[in-house]
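The primary structure of each chain is shown beneath.
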Amino acid sequence: MSALAFPIPEPSSADWLARDEAALAGVLPRITDVVAVRGEGSWLFDADGRRYLDFGAGIAVNNTGHCHPKVVAAIAEQAAMLIHTSVVAHPTRMIELAERLGALSPFIDHPQVFFCNSGAEAVDGALKLARKATGRPGVIAFRRAFHGRTLGATSLTTAKGRYREGYEPLLASVHIAPYCTDGDAEAALADLDELLALQAPAGSIGAMIVEPVLGEGGYIVPPLAWLEGLRERCDRSGVLLVFDEVQCGMGRTGRPFAAETFGVAPDILLFAKGVASGLPLGGIIAGRALMERWPTGAHGSTFGGNPVSCAAALATLDVLEEEGCYGRARVLGERSLLRLRALADTHPDLILDVRGAGLMIGVELAGKEAAEAIQARCLEDGLIVLLCGPGENILRLIPPLTVTDAELDLGISILAGALRLVSSV
């Protein structure tokens, strides 16, 4: 796996990393020292001619793999016709994409779309929409959530303390409730009810924002009863329920959106990451009646809905549908869980839990040190896997939804080898 895959280009990875250190701000973290020069399908190639099976997929962005030919062709064709208009005109690709995304959101009545550039921008836009539409300033978010890096999104983020450290004071009127991390929906809802009664009276709350599957905070699939309980409480109190599907959307859980996977309908749905196969694009979906309470000019974006990004997104949706990626995510996800749980039986002191929905899978390990050792061994053997969770001890497996059976088996085999080596130390 770590053998050379093609002739070594110049400069080397070491040369590039030295230039990186000099030219780029150190505040930007990088998970590996892989210097990427090319991607193809489930594979990433570095400047030293090595290839890696990519089970990080650009942090759940490359759902169609690296450089899918249909996506590349759509980008090239659109770039030759029209690149940018901003709000000066009505680019046709933006209209087409809004229609397609609306059709994928049948749980929202007469859906309309607002486009922006990223998940964090979508989160900030949703907060503005909720305030404008309800006249209420407050928002409820959930512990261990990750919603982005802008100031508004950071105010809702508690996945790790370092995301917030040094940025206070953050947005006011944000209340943090427990996420249902242990499967006890009744207890988690009781904690939420206490928060609503004592700290966040419903009359002051405009929105409740939640990741239907917890991402950075630990890859946790909550019980359906808990999400249904959130929906019921929002209905009772006139609060808008916002699903942040930036990571778990676009087929990752085996349906276009996790809202459909769970059968719970939000008032507002946020998307980004996997929608455009790597080009910057995010957005907000809400019903027409709600969007009409957001007056023209009350929000905007210079680059949101860029024609090239929209063309990439349309091609992405074509690939996900034509190649049966939604169904394959469900089938391959179940297959992966079976194999990983068998590994957990073999390594009970090392693997504490295996969980997931579709191809959004978390493997909880016995501590950060073990997780980092396994991640490093996988990388050495040609497999990229990412870590998450407050203790950074959870391997997250998020391969492209176009991953082949053989590639998936190979990745799990490499992980199994890493587990054997670490458990023997």
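In this report, the structure presented in the accompanying data block is examined.

Looking now at the nonpolar core. Ranked by size, the top nonpolar core spans 101 residues in total, and within it Leu 101, Ile 140, Trp 226, Leu 230 and Ile 374 carry the most contacts. Apart from the residues within four sequence positions on either side, Trp 226 is in contact with Phe 142, Pro 178, Tyr 179, Cys 180, Ala 185, Ala 188, Leu 189 and Val 210. Among the nonpolar cores identified, the runner-up in size contains 26 residues, and Cys 116, Ala 122, Leu 127 and Ile 268 belong to it.

Contact geometry for helix H7 (residues 185-198) and helix H8 (residues 224-237): axes closest at 9 Å, N-to-C directions at 30°. The angle between H7 and H8 falls in the class roughly parallel. When you trace H7 past H8, the crossing you get is right-handed. Residues Ala 185, Ala 188, Leu 189, Leu 192 and Asp 193 of H7 touch H8, and the partners they reach there are Ala 225, Trp 226, Gly 229, Leu 230 and Arg 233. Split by residue class, the contact of H7 with H8 holds seven nonpolar, one polar and two charged.

For strand S12 (residues 360-365), a buried count of five out of six residues is recorded, marking the element as mostly surrounded by other parts of the structure. Bridge analysis of strand S11 (residues 351-357) against S12 gives six bridges, and the strand direction is antiparallel. Looking at the pairing, Gly 356 lines up with Ile 361 of S12. In this antiparallel pair of consecutive strands, S11 and S12, the connection spans two residues, and Gly 358 shows a positive phi of 60°. Examined bridge by bridge, S12 and strand S15 (residues 394-397) share four bridges and lie antiparallel to one another. Bridged to Gly 362 within S15 is Arg 396.

Bridging between strand S1 (residues 36-40) and strand S2 (residues 43-46) involves four bridges; their strand directions are antiparallel. Of the residues in S2, the one forming a bridge with Arg 38 is Phe 45. Hairpin remark: S1 followed by S2, antiparallel, with two residues in the connecting loop; positive phi at Gly 41, about 60°.

Here we come to unusual backbone geometry. With an omega of 0°, the peptide bond between Glu 168 and Pro 169 qualifies as cis. Tracing the backbone shows Pro 169 in the loop between helix H6 (151-156) and strand S6 (174-177). Even without being a glycine, Lys 273 presents a positive backbone phi close to 35°. By secondary structure assignment, the location of Lys 273 is in the loop between strand S9 (268-271) and strand S10 (282-287).

Looking now at the sheet that holds S6. Spatially, S4-S10-S9-S8-S7-S5-S6 is the arrangement adopted by the seven strands of the open sheet, whose pairing is mixed. With one partner strand each, in any of the chains shown, strand S4 (111-116) and S6 form the two edges of the open sheet. Along the sheet, successive strands turn relative to each other by an average axial angle of 20°, direction set aside. In the packing of helix H4 (residues 92-103) onto the sheet, contacts are made with S4, S9 and S10, and the angle to S4 comes to roughly 130°.

Counted under the stated rule, the structure contains five aromatic pairs. A centroid spacing of 5.7 Å and a plane angle of 55° characterise the contact between Phe 114 and Trp 294, whose relative ring orientation is tilted. Of this pair, Phe 114 sits in strand S4 while Trp 294 sits in the loop between helix H10 (288-291) and helix H11 (307-322), and the two are 180 residues apart along the sequence. For Phe 114, a relative accessible area of 17% translates into the label buried. Overall, Trp 294 belongs to the buried group, its relative accessible area being 11%. Linked through ring pairs, Phe 142, Tyr 179 and Trp 226 together constitute an aromatic cluster. The ring of Phe 45 is capped by Arg 38, whose NZ or CZ atom sits 4.0 Å from the centre of that ring. Above the plane of the ring of Trp 43 lies Arg 51, whose end atom (NZ or CZ) is 3.9 Å from the centre.

Cut-offs used in this document
Residues numbered from 1 in each chain as written. Predicted model: local features only at pLDDT ≥ 70, side-chain atom pairs only at ≥ 80, totals over all residues. Heavy atoms only, no water. Core = buried A, V, L, I, M, F, W, Y, C linked by side-chain atoms within 4.5 Å. Buried < 20%, exposed > 50% of the residue type's maximum accessible area, 1.4 Å probe, protein only. Contact = heavy atoms within 4.5 Å. Axes fitted to C-alpha atoms, helices over the stretch in contact; angles between N-to-C directions. Helix = DSSP H or I, 4+ residues; strand = E, 2+ residues; numbered from the N terminus. Parallel < 35°, antiparallel > 145°, perpendicular 65-115°, else oblique. Left-handed = near helix turned anticlockwise from the far one by under 90°. Nonpolar A, V, L, I, M, F, W, Y, C, P; charged D, E, K, R; others polar. Pairing = 2+ DSSP bridges. Phe/Tyr/Trp six-rings, centres within 6.5 Å; stacked < 30°, edge-to-face > 60°. Lys NZ or Arg CZ within 6 Å of the ring centre and 35° of its normal.

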